Amino acid sequence: MAFKFPVINPLLHNELRLKIMVALDSLESADFVYLCQITDSTRGNLSVQITTLKEAGYIEVSKSGLGRFSHTVCRITRKGQEALHAYEQGLRRLFTEGVPDTDSNQKTG
């Protein structure tokens, strides 16, 4: 059987989305302002990435209040936790296992 690298989730292989997911995996929940501060993101970019994660089913978003005074809180879902942990395991495999030296005729250099 030919070697294949582990699949790395492209949705999580984005710096800001990964930061959001790691933060939410560590916390029970986090509000938009806090996520903006700890990720050093603009409000617009954070909003786009939160929407992407929500549409994937990786996070839940709840809003309270109206207009400028709304309060947005994010929470990771079980699906999101599973995706994040699979992503982490895939990266660990990449760095710890590398490419097996099963056929030295295939290597160059």
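Scroll up to find the structure.
I will try to describe carefully the structure that is included in this document. (Residues numbered from 1 in each chain as written. Predicted model: local features only at pLDDT ≥ 70, side-chain atom pairs only at ≥ 80, totals over all residues. Heavy atoms only, no water.)

Turning next to the overall build of the protein chain. Scanning the protein chain from N- to C-terminus turns up 4 helices and 3 strands. In sequence order, the protein chain lays out its α and β elements as α-β-α-α-β-β-α. By the burial criterion, 30% of the 109 residues in the protein chain qualify as buried. Residue pairs in contact within the protein chain that sit at least 24 positions apart in sequence constitute 55% of those at least 6 positions apart. Accessible surface, the protein chain as shown: approximately 7,900 Å² in total, 52% of it carbon and sulfur. (Helix = DSSP H or I, 4+ residues; strand = E, 2+ residues; numbered from the N terminus. Buried < 20%, exposed > 50% of the residue type's maximum accessible area, 1.4 Å probe, protein only. Contact = heavy atoms within 4.5 Å. Areas by Shrake-Rupley, 256 points an atom, 1.4 Å probe, with all protein chains shown as cover.)

Leu-12, Met-21, Leu-24, Leu-35, Leu-46, Ile-50 and Tyr-58 are the most contacted members of the largest nonpolar core, which totals 22 residues. Among the elements of the structure, helix 1 (15-26), helix 2 (32-39), helix 3 (43-55), strand 3 (71-76) and helix 4 (78-97) are those that each provide at least two residues to this core. Looking at this core, the element that brings in the most residues is helix 1, giving 5 residues. Setting aside chain neighbours within four positions, we find Leu-35 in contact with Ala-23, Leu-24, Ala-30, Leu-46, Ile-50 and Cys-74. (Core = buried A, V, L, I, M, F, W, Y, C linked by side-chain atoms within 4.5 Å.)

Once rolled over the atoms, a probe with the size of a water molecule shows which space is left empty. This model, assessed by the stated rule, comprises 1 cavity of 30 Å³ or more. Of the pockets and cavities examined, the largest cavity occupies roughly 30 Å³. Taken together, the residues that form the lining of the largest cavity break down as 4 nonpolar, 1 polar and 2 charged. (1 Å grid on protein atoms, 1.4 Å probe; cavity = no way out; pocket = protein on both sides within 12 Å on 5 of 7 lines; lining within 4 Å. Points joined across faces, edges and corners; volume = space filled by probe spheres on them. Nonpolar A, V, L, I, M, F, W, Y, C, P; charged D, E, K, R; others polar.)

Another aspect to go through is the side chain of Ser-41. As for its position among the elements, Ser-41 is in the loop between helix 2 and helix 3. Apart from residues no more than four positions distant in its own chain, Ser-41 is found in contact with Leu-16, Cys-36 and Leu-46.

Let us look at the pairing of strand 3. Relative to strand 3, strand 1 (residues 30-31) is paired through 2 bridges, and the arrangement is antiparallel. Counterpart to Asp-31 in the pairing with strand 3 is Val-73. Bridging between strand 2 (residues 59-64) and strand 3 involves 6 bridges; their strand directions are antiparallel. Bridge assignment links Ile-59 to a residue of strand 3, and that residue is Ile-76. (Pairing = 2+ DSSP bridges.)

The computed volume of the largest pocket comes to approximately 310 Å³. Along its surface, the largest pocket is lined by 15 residues, and Phe-32, Lys-63, Ser-70, His-71 and Thr-72 are the ones closest to its centre. When contributions to the lining of the largest pocket are tallied by element, the ones reaching two or more residues are helix 2, helix 3, strand 2 and strand 3. Among the elements that line the lining of the largest pocket, the one with the most residues is helix 3, at 5 residues. Residue composition of the lining of the largest pocket, grouped by class: 4 nonpolar, 6 polar and 5 charged.

Taking strand neighbours across the sheet as the criterion, the 3 strands line up as 1-3-2 in an open arrangement whose pairing is antiparallel. At either end of the open sheet lies a strand with only one pairing partner, and these are strand 1 and strand 2.

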